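Residue-level structure breakdown
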Amino acid sequence: MAIFRQFFPILLLLISGLTRASTFVDLQPAFIVNYNDGKRLHYLKVEVTLQTTDDEMASSEITYHADYLRHQLIMLLSKQKADDFSTIEGKEKVKEEALTGLQEVMIQETGKPMIDKVLFTSFVVQ
């Protein structure tokens, strides 16, 4: 146990050196889409931030391809059902679908997925 205490600070330094800093890219303006549940038209307003820990070029590549990424998200969000947004599990499922779709766009355009996480920073359903 004493050995662990002695080497723990060194271990922390090694681990922190291996981790990369995250970069966050906001997709502005907010997404406002409508979707239909079969009975009536609903509106969704979502603010999205993308997280990347890839190289320094990732944020500039994401910004460069932002229109294509926005298109992908609008198409995904507008085909959802009302139930998809009513639970945390549903929102998580949409978030995972968004991540997969956006990574596919970046692979197609750059050869690398570049996006690690999709963050919904605001989510309003009406």
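Residues numbered from 1 in each chain as written. Predicted model: local features only at pLDDT ≥ 70, side-chain atom pairs only at ≥ 80, totals over all residues. Heavy atoms only, no water.

Things to note about the pattern of salt bridges
- Applying the stated criterion across every chain yields a total of two salt bridges.
- Residue Glu92 pairs with Lys95 through a salt bridge whose shortest N-O separation is 3.4 Å. Of this pair, Glu92 and Lys95 both sit in helix H4 (residues 88–110), three residues apart, which is roughly one turn of that helix.
- Here Glu97 and Lys93 are joined by a salt bridge, their closest N and O atoms 3.0 Å apart. Of this pair, Glu97 and Lys93 both sit in helix H4, four residues apart, roughly one helical turn.
- Relative accessible area serves as the criterion here: at 29%, Glu97 is assigned to the partly exposed category. (Salt bridge = Lys/Arg side-chain N within 4 Å of Asp/Glu carboxyl O. Helix = DSSP H or I, 4+ residues; strand = E, 2+ residues; numbered from the N terminus. Buried < 20%, exposed > 50% of the residue type's maximum accessible area, 1.4 Å probe, protein only.)

Quick look at unusual backbone geometry
- Cis geometry is found at the peptide bond from Gln28 to Pro29, where omega equals 0 degrees.
- Position of Pro29 relative to the elements: it lies in strand E1 (residues 23–36).
- Despite not being glycine, Met114 has its phi angle at roughly 60 degrees, a positive value.

Regarding the side chain of Asp84
- Here Asp84 lies in the loop between helix H3 (66–78) and H4.
- The side chain of Asp84 is buried and forms no salt bridge, while Lys93, the nearest opposite charge, is found at 4.8 Å.
- Leave out the neighbours within four places in its chain, and Asp84 touches Gly90, Lys91 and Val94. (Lys, Arg positive; Asp, Glu negative; His and termini not counted. Contact = heavy atoms within 4.5 Å.)

Thoughts on the packing of aromatic side chains
- In this structure the tally under the stated criterion is three aromatic pairs.
- An angle of 65 degrees between the planes, with centres 5.1 Å apart, marks the rings of Tyr35 and Phe85 as edge-to-face. Residue Tyr35 is located in strand E1, and its partner Phe85 is located in the loop between H3 and H4; the two are separated by 50 residues in the primary sequence.
- You can call Phe85 buried: its relative accessible area is 5%.
- Every member of this aromatic cluster is reached through a ring pair, and the members are Tyr35, Phe85, Phe120 and Phe123.
- The ring of Phe31 carries Arg70 above its face, with NZ or CZ at 4.1 Å from the centroid. (Phe/Tyr/Trp six-rings, centres within 6.5 Å; stacked < 30°, edge-to-face > 60°. Lys NZ or Arg CZ within 6 Å of the ring centre and 35° of its normal.)

A short note on the confidence of the model for the protein chain
- For the protein chain, per-residue confidence averages 85 on the pLDDT scale, and residues scoring 70 or more make up 83% of the total.
- Looking at the elements of the protein chain, mean pLDDT is at its lowest for helix H1 (residues 2–18), recorded as 52, and at its highest for H3, recorded as 96. (pLDDT = per-residue confidence, 0-100.)

Regarding a nonpolar patch on the surface
- A contiguous nonpolar surface patch, about 310 Å² in accessible area, is contributed by Ile32, Leu41 and Tyr43.
- Examined against the element boundaries, Ile32 turns out to sit in strand E1. (Patch = residues over 30% accessible without salt bridge, like charges linked within 9 Å, V, L, I, M, F, W, Y side chains within 5 Å. Areas by Shrake-Rupley, 256 points an atom, 1.4 Å probe, with all protein chains shown as cover.)

Considering the nonpolar core
- Formed by 26 residues in total, the largest nonpolar core has its most connected members in Val48, Leu50, Leu69, Leu77 and Ile115.
- Elements represented by at least two residues in this core include exactly E1, strand E2 (41–52), helix H2 (57–64), H3 and H4.
- Residues contacting Val48, with those up to four places away along its chain left out, are Val25, Asp26, Leu27, Phe31, Leu73, Val118, Leu119, Phe120 and Thr121. (Core = buried A, V, L, I, M, F, W, Y, C linked by side-chain atoms within 4.5 Å.)

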